[in-house]
Amino acid sequence: MSFEPISFGKYKLIQSLAQGGMAEIFLAKQQGPAGYEKTVVIKRVLPQFSSHPDFVAMFLDEARLAAQLSHPNIVQIFDFGETDGSYYLCMEYLRGEDLHTLVKLARKKDQHIPPQVCATVVAAACDALHYAHTLTSEDGKPLQIVHRDISPSNLFVSFQGQVKVRDFGIARAEGKVVKTAAGVIKG
């Protein structure tokens, strides 16, 4: 599928990476003065949801939550904003594959991921989740962040071996604007 690069505020969207039910993901270049350029990932709300108050509130919750997370095993969020009526998150770009893809590739070659690699991935993910779960606000109150969608697709392994948990979009945390009703499953 061909994609024509488009300007999006201070970013240039250069490749569509994925589209979900309510947002789309792009490989992008952050552009600045004197030829400054940084490769990033943009998660943008789909146009049909940009004016839906409940969805915008959920996306704003994700941005507020992500802004508080700073851990070597959690995908870093650099920016949040609105351009041309669309809310977006700007995230770090990582070269690698998610664990789901790595498992599929191993199966295709009739191989297994080595146990030490599995242990490293699980340990890094547990470290990131423990950090998020025990994080406190500036006034010391527990934020009680629970990811709620840990799956192989949300565990990313860079080509350098760094493990990152991604997509806290449906996480539960104290102080969120949008609360999940009892009996409702998200994710």
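Residues numbered from 1 in each chain as written. Predicted model: local features only at pLDDT ≥ 70, side-chain atom pairs only at ≥ 80, totals over all residues. Heavy atoms only, no water.

> Honestly, the overall build of the protein chain in this entry has me stumped. Any pointers?
Of regular secondary structure, the protein chain possesses 3 helices and 9 strands. Secondary structure of the protein chain in N-to-C order comes out as β-β-β-β-α-β-β-β-α-α-β-β. Long-range pairs, those at least 24 residues apart, make up 51% of the contacts in the protein chain with a sequence separation of at least 6. Accessible area for the protein chain stands at about 11000 Å²; split by element, carbon and sulfur atoms hold 54% of it. (Helix = DSSP H or I, 4+ residues; strand = E, 2+ residues; numbered from the N terminus. Contact = heavy atoms within 4.5 Å. Areas by Shrake-Rupley, 256 points an atom, 1.4 Å probe, with all protein chains shown as cover.)

> Even after reading the chapter, I still don't get the sheet that holds strand E2 (residues 11–19), so can you show me in this structure?
Strands belonging to one sheet form pairs held by backbone hydrogen bonds; the direction of such a pair is parallel or antiparallel. Taking strand neighbours across the sheet as the criterion, the 6 strands line up as E1-E2-E3-E4-E6-E5 in an open arrangement whose pairing is antiparallel. Only two strands of the sheet have a single neighbouring strand rather than two, namely strand E1 (6–8) and strand E5 (77–83). For this sheet the average axis-to-axis angle between neighbouring strands, irrespective of direction, equals 40°. Summarising the sheet, E2 and strand E3 (residues 23–31) pair through 7 bridges and their orientation is antiparallel. When the sheet's bridge partners are listed, Leu-13 is paired in E3 with Ala-28. Together, strand E4 (37–45), E5 and strand E6 (86–92) form the strand contacts of helix H1 (residues 53–68), whose direction differs from that of E6 by roughly 25°. (Pairing = 2+ DSSP bridges. Axes fitted to C-alpha atoms, helices over the stretch in contact; angles between N-to-C directions.)

> Even after reading the chapter, I still don't get the side chain of His-147, so can you show me in this structure?
Note that His-147 resides in the loop between helix H3 (115–134) and strand E8 (155–158). According to the relative accessible area criterion, His-147 is buried, its value standing at 3%. For His-147, the side chain forms a polar contact with the main-chain oxygen of Arg-166, separated by 3.0 Å. At 2.9 Å, the side chain of His-147 forms a polar contact with the backbone oxygen of Asp-167. (Buried < 20%, exposed > 50% of the residue type's maximum accessible area, 1.4 Å probe, protein only. Polar contact = N/O pair within 3.5 Å; in protein donor to acceptor, adjacent residues only side chain to side chain.)

> I'm lost on unusual backbone geometry in this one. Help?
Most peptide bonds take the trans form, and the phi angle of most residues other than glycine is negative. The phi torsion at Asp-110 lies on the positive side, around 55°, for a residue other than glycine. Summarising the element assignment, Asp-110 is placed in the loop between helix H2 (99–108) and H3. Overall, the relative accessible area of 71% leaves Asp-110 in the exposed class. Despite not being glycine, Arg-148 shows a phi value in the positive range, around 70°. Turning to its location among the elements, Arg-148 is positioned in the loop between H3 and E8.

> In this structure, what is going on with H2? I would like to understand it.
Given 3.6 residues to a turn, an α-helix orients residues that are three or four positions apart in the same direction. Taking the backbone nitrogen of His-100 as reference, a side-chain oxygen 3.0 Å away marks Asp-98 as the first, capping residue of H2. Just past H2, the residue Asp-110 takes up positive phi, approximately 55°.

> It is not clear to me how the packing of aromatic side chains should be interpreted in this structure. Could you clarify?
Each aromatic ring pair is characterised by the separation of its centres together with the angle its planes make. Applying the stated criterion across every chain, the model contains 7 aromatic pairs. Taking the centre distance of 5.6 Å and the plane angle of 50° together, the rings of Phe-49 and Phe-55 count as tilted. The same class applies to Phe-49 and to Phe-55, which are both buried. Their ring planes at 40° and their centres at 6.3 Å tell us that Phe-59 and Phe-80 sit as a pair that is tilted. Here Phe-80 lies in strand E5 and Phe-59 lies in helix H1, a separation of 21 residues in the sequence. Judged by its relative accessible area of 2%, Phe-59 falls in the buried class. What makes Phe-80 partly exposed here is its relative accessible area of 32%. An aromatic cluster is defined as three or more aromatic residues linked by ring pairs; in this entry it consists of Phe-49, Phe-55, Phe-59, Phe-80 and Tyr-87. A cation over a ring is seen here: Arg-44 above Phe-8, with NZ or CZ 5.1 Å from the ring centre. (Phe/Tyr/Trp six-rings, centres within 6.5 Å; stacked < 30°, edge-to-face > 60°. Lys NZ or Arg CZ within 6 Å of the ring centre and 35° of its normal.)

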